[in-house]
Amino acid sequence: MSAAEPAVREGEYGDRVAAIEPGGLELIPLADRHGKPLDLLWTWMSPNLEFATVFLGVLAVAAFGLSFWQAVLASVIGTGLGAVAHGVLSARGPSAGVPQMVLGRVPFGYWGNLLPSAFNTVAAGIGWFAVNSVSGALALNTLTGLPGWLCLVIVVAVMVALGFFGHNLVQAFERYAFPVLALIFLIAAAVILGKADTGYAGTGGGTGGFLLAVGATFGYTAGWNPYAADYTRYLPAGSSRRAVGLSAGFGVFVSCVVLEIVGAASATIGGDALGQPTTAFTGHLPGLVADLTLLAIALGAISANALNVYSGAMSLLALGVRLPLSLRRAIVALACGVAGFLVALSGLEDAGHKYEAFLLVIAYWIGPWLGVVLADLRLRRDRGIERLFFDTGHVNWAGPIAMVAGVVLSVWLFSNQEQYVGLVPARVPEVGDIAFEVGFVISAVLYTALRPLRR
């Protein structure tokens, strides 16, 4: 397909909630544009009102050894960085009218964009989907006593159904789930903060533990960045960029920081926060509040995974999956859900430690990817990019080269995982894990410098 022939999504969709969204990655017709920037508050608050967010705060205290107030500061910094990037990327959706991974074809080239699309397919459609499915299943298991595998089947079935129907149903679900989730978690937060030892001094996590917490909270928040334009591309093309960016970024920031602080507070009370994280958290709550919180955890997991399965399908389509059907996005969403379920089934045991590793690893590729995307945005300022979205002849090897260099060098030098410790933290442990920061800088600088390869 040439640059002069943009692919416009076929079929009629409009603002119908009960209809299956047609098409896949194509440009959204102006006649189908609807909604307002303020809607993004609910779109991005609801998916973060879940236990995976709470557990970030738990990790900062129980795993990384921080004091309560150090955990709070790390949460604000890491989440803030991810939320700012999310706002910037979300603001591009209305004028572009295409998903985030199609926008990625500008800095990476049509074929070079297969690299981040593949990463995001695995991270979103399988990785994040599995993480949230496990937390939802564990909550339902604790609440009902049903077998873990059956609870997993129940929550995954609802998640996949939302992703299968598509954009409008996902947005409606987030809107109506928000007041329920917000009310229950606010009550739980009041109880937890009332019992917490806010003067808790930690176990000596130091600079290394602090940087690990910043990296984990950034990894969680920035994990939404590759989805950003997916949920703003249906907004009217003339929507205020400032309003879109602020609504999306603020929604992510507030919901994440509040629940991360609650998680850190719960870890100061005690319990097996890492071995049995859901049970330990709800164990601090009175009976009725505990049951409602378990219900909210399951509902929040569904809210998060509605986005994960939908955007995972978008990334898989960006890999070049060809289905000559109007339902190709819906079919791919179903496939992502099945794959994510199988991974989640293996993660029901030792969920806490597996989640900790996943959070840190995901930031390793998102940091360099962001470096390339934001550097390209600074250089082009979105001028004349529409002709590149579906141009199979568009080549920009600066993007893939810069991203791979950022990932490899940052992990080699600064990773601090159980399975691999980079050269710098191996010699200076107090440095911690700053792979995502280094990867971002390397990729942004290298992309900017590779002028002959940029198109």
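Going by the structure above, here's the rest.
Now for a look at the structure at hand. Because the structure is predicted, anything quoted here is derived from the model rather than measured. Each chain carries its own residue numbering, running from 1 in the written order of its sequence. Selection of residues for local features in this predicted model requires a pLDDT of at least 70, selection of side-chain atom pairs for listing and counting requires 80 or more, and totals for whole chains, interfaces and linings are taken over all residues. Each side-chain value is derived from all of the structure's non-hydrogen atoms; neither hydrogens nor water enter the calculation.

## Focus on the overall build of the protein chain
Note the following rule: Helix and strand assignments come from DSSP, with helices taken as H or I runs of at least 4 residues and strands as E runs of at least 2, each series counted from the N terminus. Type-normalised accessible area, obtained with a 1.4 Å probe on protein chains alone, sets the label of each residue: buried when under 20%, exposed when over 50%, and partly exposed for intermediate values. Whether two residues are in contact is decided by their heavy atoms, any of which lying within 4.5 Å being enough. The Shrake-Rupley method, run with a 1.4 Å probe, gives the accessible areas here. Residue values count only the displayed protein chains as cover.
Counting its regular elements, the protein chain contains 18 helices and zero strands. Out of the 455 residues in the protein chain, the part that is buried amounts to 60%. When contacts within the protein chain are restricted to residue pairs at least 6 apart in sequence, long-range pairs at least 24 apart make up 84% of them. As presented, the protein chain carries roughly 16,400 Å² of accessible surface, and 70% of it is formed by carbon and sulfur atoms.

## Here we look at the pattern of salt bridges
Pairing between side chains becomes possible if they bear opposite charge and their charged atoms approach one another. Keep this limit in mind: Each salt bridge in this description consists of a side-chain nitrogen of Lys or Arg and a carboxyl oxygen of Asp or Glu lying within 4 Å of one another.
This structure, assessed with the given rule, holds five salt bridges. Notably, a salt bridge pairs Glu21 with Arg233, separated by 3.1 Å at the nearest N-O pair. Taken together, the residues Glu21 in the segment before helix 1 (39-45) and Arg233 in the loop between helix 10 (206-222) and helix 11 (241-267) connect sequence positions 212 residues apart. No difference in accessibility class separates Glu21 from Arg233, as the two residues are buried. Among the ionic pairs, Asp39 bridges to Lys36, the shortest N-O distance being 3.3 Å.

## Things to note about the environment of Gly97
Looking at the secondary structure, you find Gly97 in the loop between helix 4 (93-96) and helix 5 (100-103). Look past the residues within four positions of Gly97 in its chain and what remains in contact with it is Glu26, Leu27, Ile28, Arg33 and Arg233.

## Describing the environment of Leu316
Assignment of secondary structure puts Leu316 in helix 13 (residues 287-318). When the C-alpha positions of Leu316 and Ser117 are compared, they lie 6.8 Å apart, and in sequence the two are 199 residues distant.

## Considering unusual backbone geometry
In this structure, Arg381 takes a positive phi of about 55 degrees despite not being glycine. With respect to the helices and strands, the residue Arg381 is situated in the loop between helix 15 (351-380) and helix 16 (398-414). Using a relative accessible area of 57% as the deciding quantity, one classes Arg381 as exposed. Of note, the phi angle at Asp382 is positive, near 60 degrees, even though the residue is not glycine. Since its relative accessible area comes to 14%, Asp382 is described here as buried.

## Remarks on the packing of aromatic side chains
We count it as follows: Aromatic contacts are taken between Phe, Tyr and Trp rings whose centres are within 6.5 Å, Trp giving its six-membered ring; a plane angle under 30 degrees counts as stacked, one over 60 as edge-to-face, and the others as tilted.
Summed over the entire model, instances satisfying the criterion amount to 14 aromatic pairs. Ring centres of Trp42 and Phe178 lie 5.0 Å apart, and the angle between their planes is 40 degrees; on these two criteria the pair is classed as tilted. Taken as a pair, Trp42 in helix 1 and Phe178 in helix 9 (residues 167-195) lie far apart in primary sequence, 136 residues in all. Judged by its relative accessible area of 18%, Phe178 falls in the buried class.

## Quick word on the packing of helix 8 (residues 148-165) against helix 13
Our working definition: Structural elements are reduced to axes, namely lines fitted to C-alpha atoms, with helices fitted over the stretch in contact, and the angle between N-to-C directions of any two is expressed from 0 to 180 degrees. In what follows, roughly perpendicular refers to angles from 65 to 115 degrees, roughly parallel to angles under 35, roughly antiparallel to angles over 145, and oblique to any angle outside these ranges. Handedness of a crossing is defined here by the sense of rotation of the near helix relative to the far one, left-handed for an anticlockwise turn of less than a right angle and right-handed for a clockwise turn. Residues are sorted three ways: Asp, Glu, Lys and Arg are charged, Ala, Val, Leu, Ile, Met, Phe, Trp, Tyr, Cys and Pro are nonpolar, and all the rest, Gly among them, are polar.
In contact at an axis separation of 8 Å, helix 8 and helix 13 are set at 45 degrees when each is read in the N-to-C sense. When the axes of helix 8 and helix 13 are compared, the pair comes out oblique. Where helix 8 crosses over helix 13, the handedness of that crossing is right-handed. Here Val155, Val158, Met159, Leu162 and Gly163 of helix 8 lie close against helix 13, whose contacting residues are Ala301, Ile302, Asn305, Ala306, Val309 and Tyr310. Looking at the contact of helix 8 with helix 13 residue by residue, the class counts come to nine nonpolar, two polar and no charged.

## Digging into a nonpolar patch on the surface
This is how the line gets drawn: The patches reported here contain residues having more than 30% relative accessible area and no salt bridge. Joining distances are 9 Å for like charges and 5 Å for nonpolar side chains (Val, Leu, Ile, Met, Phe, Trp, Tyr).
A contiguous nonpolar surface patch, about 470 Å² in accessible area, is contributed by Trp111, Val395, Trp397, Ile401 and Leu453. Relative to the helices and strands, Trp111 resides in the loop between helix 6 (105-108) and helix 7 (114-144). Here Trp111 falls in the partly exposed class, since its relative accessible area comes to 47%.

## Here's the deal with the side chain of His284
The criterion, for reference: Between N or O atoms, a polar contact is any pair within 3.5 Å; within protein, one atom must be a potential hydrogen donor and the other a potential acceptor, and residues adjacent in sequence are included only when both atoms are from side chains.
The topology assignment puts His284 in the loop between helix 12 (277-282) and helix 13. A distance of 3.1 Å separates a polar side-chain atom of His284 from the backbone oxygen of Gly270.

## Here we look at the nonpolar core
Just so we agree on the cut-off: We define the nonpolar core as a collection of buried residues of types Ala, Val, Leu, Ile, Met, Phe, Trp, Tyr and Cys that are connected through side-chain atoms lying within 4.5 Å of one another.
Among the nonpolar cores identified, the biggest contains 119 residues, and Trp44, Phe185, Trp224, Tyr227, Trp369 and Phe389 are the most heavily contacted of them. The contacts of Trp369, once residues within four sequence positions are left out, are Leu89, Gln100, Met101, Phe108, Pro116, Asn225, Pro226 and Met403.

## Observations concerning a positive patch on the surface
Formally: Charged-residue counts in this description rest on Lys and Arg as positive and Asp and Glu as negative, His and the chain ends being excluded. By convention, the point assigned to a charge is CZ for Arg, NZ for Lys, CD for Glu and CG for Asp.
On the surface, a cluster of positive charge is made up of Arg378, Arg381, Arg383 and Arg451. With relative accessibility at 46%, the residue Arg378 sits in the partly exposed group.

## Remarks on the environment of Thr232
If you trace the backbone, Thr232 turns up in the loop between helix 10 and helix 11. Taking the C-alpha atoms as reference, Thr232 lies 9.0 Å from Ala248; in sequence the two are 16 residues apart. Contact partners of Thr232, with chain neighbours within four places excluded, come to Leu40, Ser90, Gly93, Pro94 and Val244. In terms of polar contacts, Thr232 uses its side chain to reach the backbone carbonyl oxygen of Ser90, at 2.9 Å.

## Brief notes about the side chain of Asp230
Along the chain, Asp230 turns up in the loop between helix 10 and helix 11. Buried within the structure, Asp230 lacks any salt-bridge partner; its nearest side chain of opposite charge belongs to Arg233, at an N-O separation of 5.3 Å. Polar contacts involving the side chain of Asp230 include one to the side chain of Ser311, which spans 2.7 Å. Setting aside residues up to four positions removed in sequence, Asp230 forms contacts with Pro99, Gln100, His167, Tyr310, Ser311 and Met314.

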